[in-house]
Structures are given as structure tokens and as C-alpha cells.
Amino acid sequence: MSVPAGEVILPTVETLTPEQLRGAACVWCATALQPGIDDVDLGARAATWTRPAWFPRACRGCAHVHNPREAS
């Protein structure tokens, strides 16, 4: 499952672990994920002049809480 980029407010990049940045852990609770199996893809974020690309993903529980579309 995926969510269009920009639909949810994500934690700041500086607060995330390397696992969270590469999509191997939930961006909110840091639970380990199996991408494509038990995660919600929050949309890749492109690299900028100040930071590399990152790939936010969430566990289904956090995605439900943080995404208004999931709550309905």
C-alpha cells in the first residue's frame, strides 16, 4: 500500500535513524519493516542540496493514526 507524497506530515529527517531513512523501519515508531510485505510506502523524497534522497515507510498501525485517509 502507498500514500501519495505530501499527504502526511513526517518527522524531521534529522531525527530519523538510518533504518528509518532507507525505509527499513517505521518513521514514527521505528518498528522494523519488511518493505512490500507489512509496510505502507509514504513516497520517496528526492535528494536536495542539503540532504540525500530518503524513503519513508510506516507500519500499518502508525499509518492509520497519522494518515487522515486511512482513518476513514
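Treat the numbers as computed from the prediction; the structure is a model and nothing was measured. Along each chain, the written sequence defines residue order, and numbers are assigned to residues from 1. For this predicted model, a pLDDT threshold of at least 70 governs which residues receive local features, and a threshold of 80 or more governs which side-chain atom pairs are given and counted, while totals over whole chains, interfaces and linings are taken from all residues. Calculation of side-chain values draws on the structure's entire complement of heavy atoms; hydrogens and water are dropped beforehand.

### Quick notes on the nonpolar core
Grouped together as the largest cluster of nonpolar side chains are 14 residues, with contacts concentrated most on Leu-10, Cys-26, Val-27, Leu-42, Trp-54, Ala-58 and Cys-59. The numbering of helices and of strands both runs from the N terminus, where a helix is a DSSP run of H or I of at least 4 residues and a strand a run of E of at least 2. Of all the elements in the fold, those that place two or more residues in this core are β2 (57–59) and α2 (60–66). Note on contacts: a residue pair is in contact if any heavy atoms of the two residues lie within 4.5 Å. Non-local contacts of Trp-54, meaning those with residues more than four positions away in its chain, are made with Leu-10, Pro-11, Val-13, Leu-16, Leu-21, Val-27, Ala-44 and Arg-45. Grouping buried Ala, Val, Leu, Ile, Met, Phe, Trp, Tyr and Cys residues that are joined through side-chain atoms within 4.5 Å yields what is termed a nonpolar core. Burial classes: relative accessible area under 20% of the type maximum marks a residue as buried, over 50% as exposed, and values in between as partly exposed (1.4 Å probe, protein chains only).

### A word on the pattern of salt bridges
When a carboxyl oxygen of Asp or Glu is within 4 Å of a side-chain nitrogen of Lys or Arg, the pair counts as a salt bridge. In total, this model carries two salt bridges according to the counting rule given. Here Arg-57 makes a salt bridge to Asp-39, at a shortest N to O gap of 2.5 Å. Here Arg-57, found in strand β2, pairs with Asp-39, found in strand β1 (residues 39–41); they are 18 residues apart in sequence, far enough to count as distant. The exposure classification of Arg-57 matches that of Asp-39, with both residues buried. Put simply, Arg-57 and Asp-41 hold a salt bridge, and the shortest N to O gap is 3.9 Å. Of this pair, Arg-57 sits in strand β2 while Asp-41 sits in strand β1, placing them 16 residues apart in sequence. Note on Asp-41: relative accessible area 24%, which makes it partly exposed. A cluster of three or more residues bridged by salt bridges with shared partners is formed by Asp-39, Asp-41 and Arg-57.

### Points about the environment of Val-27
As for its placement among the helices and strands, Val-27 is situated in the loop between α1 (18–22) and β1. When the C-alpha positions of Val-27 and Ala-58 are compared, they lie 5.8 Å apart, and in sequence the two are 31 residues distant. Each residue touching Val-27, except ones within four places of it in the same chain, is listed here: Leu-10, Pro-11, Leu-16, Gln-20, Leu-42, Trp-54, Pro-56 and Arg-57.

### Considerations on unusual backbone geometry
Of note, the phi angle at Ala-30 is positive, near 65°, even though the residue is not glycine. Counting through the fold element by element, Ala-30 comes out in the loop between α1 and β1.

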